[in-house]
Amino acid sequence: MTVQGRDRRIAVFWNHGDPQAVDNRCPHMGFPLDQGSVHEGILTCHWHHARFALKGGCAFDLYADDIPTFAVREENGVIEVSDEPDAMPTEAYYRARLRRGLEQNLSLLQAKGIVGLLKLGVPVVEILRELVNFGCENHEAWADGMTLIALMGRLDPILSERTRIYGLCWASRQLAANCAGRPHRRERGALTGADESLGRLQDWFREFVLMRHLDGAERALLTANRLCRDQSDRQRTLSSAILQRVYLDTGHLYDFANKALELGEILTTEGAPDVWPQLLPLLVPEAVAGRGEEDSGSWRNPFDLISAIRAAESSVKKVEPGRGAVPDGLRDVLLGGDYQAILDAIVSALQAQADPESLAREVALAAAWRLAHFSPSNELGDWFGPVHTFTYANAVVQSLKRAPTAELLPAILHGAMAVFQDRFLNVPPGVYPKTDADPHAAAPDILDHILEMMDRAPHPRKVVASVVAWVRGGGSIEKLTDCLAWATIREDLDFHKLQAIEAAYQLSRDVADVKDRALLLAGAARHLAAHCPTARTRQQSPRSALALHRGEMARDEE
Ligand code: FES
């Protein structure tokens, strides 16, 4: 039987004559439990057969979660049921749900924890910290789940509630998948009693990375970290080791290092524990195992880019970075077909005291041009190269903001050569709105229109036209970014699409020319639109969690 509680129906069962009361909504999907059966103290839900201990409400099938219980009293043949549960969900309760969901790789449980914490008003940074702590304890090497957490942290200030909830659930789900079946991470620890300078420890870290010695590299990095006074020191320590190999792991590791530093910056709040000794070691396995382009053929033939890069690197080794302007016409050179001219132009600009961050931004804009003009005659898999170039180029810009120093200058050269390598993907160039066209007004329904277009078969050209119209018409970059982030998060896509959107947004904030801002966001949007729509199965867990939190059945939410 069921009775009405204060805010929900309560199911009452008899177990060998002993009455027990539980929430009538099954914690799995919210379907009525009173249609279930009880045998020897175990309640089995009628719908998907999850089993619960009737006393206490604990689930035997972890995907279903525990059921809230209600006090029952029997006096003179009359049964009284409390109209409030024995325990109301607290922050600790939802944190425990999230943790268990991560440990058991159960996305619905994670989503319930995240939704519950957000609805209680727990700051997003605390949810990110919960996820990061789990990731640092449970896998050895940085993976896409950690990148997604960093992306959500970076984008959070401009996200709508819907994008935030679904995005955090995606990041959590991916992290749990990365860690599933992996052993607990074992700390190698910083060196004790090694009274060395930061410079010496950085040298050791570089050497251990080069000789592919995992334990030595991690211990040197952890010890160097203790002496890092600020983010500039940390950036220089990481960059100088990673940049020993050219465009290491298709640029992934430089980008991961940037994301690790961004995540650490977000989590470094007043009174919070030091995150660096947990975060930094996740970068080491790929640093020692990854392959640079000097190990591959495509940067050796038909042009020996590696020798040209090494010569350019030695030319800028002693350059003292300046604050001067970027030379006119550099972007045309970067998008040209003469690799030596590209390297020479960058070296000359640096020697003439051009600002390295501005130079790196020009490389990023050239990479955005490649995305925005990606030829429709390419295959879907061909997006891999230019999107990595673009996110790498963004990481170079962000790293130079932290440390505009000579050690980081090779990163600009590597990024420029990646742009050069992608040149065939713009033959013929994809259609892009004419820059001399009249700017359209940023009609408020353009963003809805963008989402609708991505509901149907891929329309990259039309999506690009709408994005450009919005930006040129003075539309909010923040609203557009939230729209594109939602368009990504609702799909079953990998992290690269959100990574490109976040890169475009961060870069656009420092770009004065509206045409360049449009180019950045159009590039990310074209990449996204080419991959939409998908089956959108990933929405199911957060959608169910939201419905259950409202006290509805999970199937009611469309
Ligand atoms: S097991 Fe109860 S609703 Fe699914």
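Residues numbered from 1 in each chain as written. Predicted model: local features only at pLDDT ≥ 70, side-chain atom pairs only at ≥ 80, totals over all residues. Heavy atoms only, no water.

**Comments concerning the UniProt feature "domain: Rieske" (unreviewed entry) in the chain**
- According to UniProt, the feature "domain: Rieske" (unreviewed entry) maps to residues 1–81 in the numbering used here.
- Span residues 1–81 is 0% helix and 44% strand, its end C-alpha atoms 12 Å apart. (UniProt positions renumbered as here; feature names shortened; annotations may be inferred. Helix = DSSP H or I, 4+ residues; strand = E, 2+ residues; numbered from the N terminus.)

**Quick notes on the environment of D382**
- Note that D382 resides in the loop between α15 (356–372) and α16 (384–402).
- On the basis of relative accessible area, D382 is assigned to the partly exposed category, the value being 29%.
- When the C-alpha atoms of D382 and R517 are compared, they prove to be 24 Å apart, with 135 residues separating the residues in sequence.
- Residues contacting D382, with those up to four places away along its chain left out, are F374 and L425. (Buried < 20%, exposed > 50% of the residue type's maximum accessible area, 1.4 Å probe, protein only. Contact = heavy atoms within 4.5 Å.)

**Examining the pairing of strand β3 (residues 18–23)**
- Burial analysis of β3 places five of its six residues in the buried class, which makes it a mostly covered element.
- Relative to β3, strand β2 (residues 9–15) is paired through six bridges, and the arrangement is antiparallel. Each bridged residue has a counterpart across the sheet, and for I10 the counterpart in β3 is D23.
- Hairpin connection, β2 to β3: the antiparallel pair is bridged by two residues, and H16 has positive phi, about 50°.
- For β3 and strand β7 (residues 69–75), the ladder comprises two bridges, and the chain directions are antiparallel. Note that in β7 the partner of A21 across the bridge is F70. (Pairing = 2+ DSSP bridges.)

**A few points about the nonpolar core**
- With 161 residues, the main nonpolar core has M146, F390 and I450 as its most contacted residues.
- Discounting chain neighbours no more than four positions away, the residues touching I450 are V463, S466, V467, L480, C483 and L484.
- Counting 13 residues, the second-largest nonpolar core is a separate cluster that includes F13, C26, L54 and A59. (Core = buried A, V, L, I, M, F, W, Y, C linked by side-chain atoms within 4.5 Å.)

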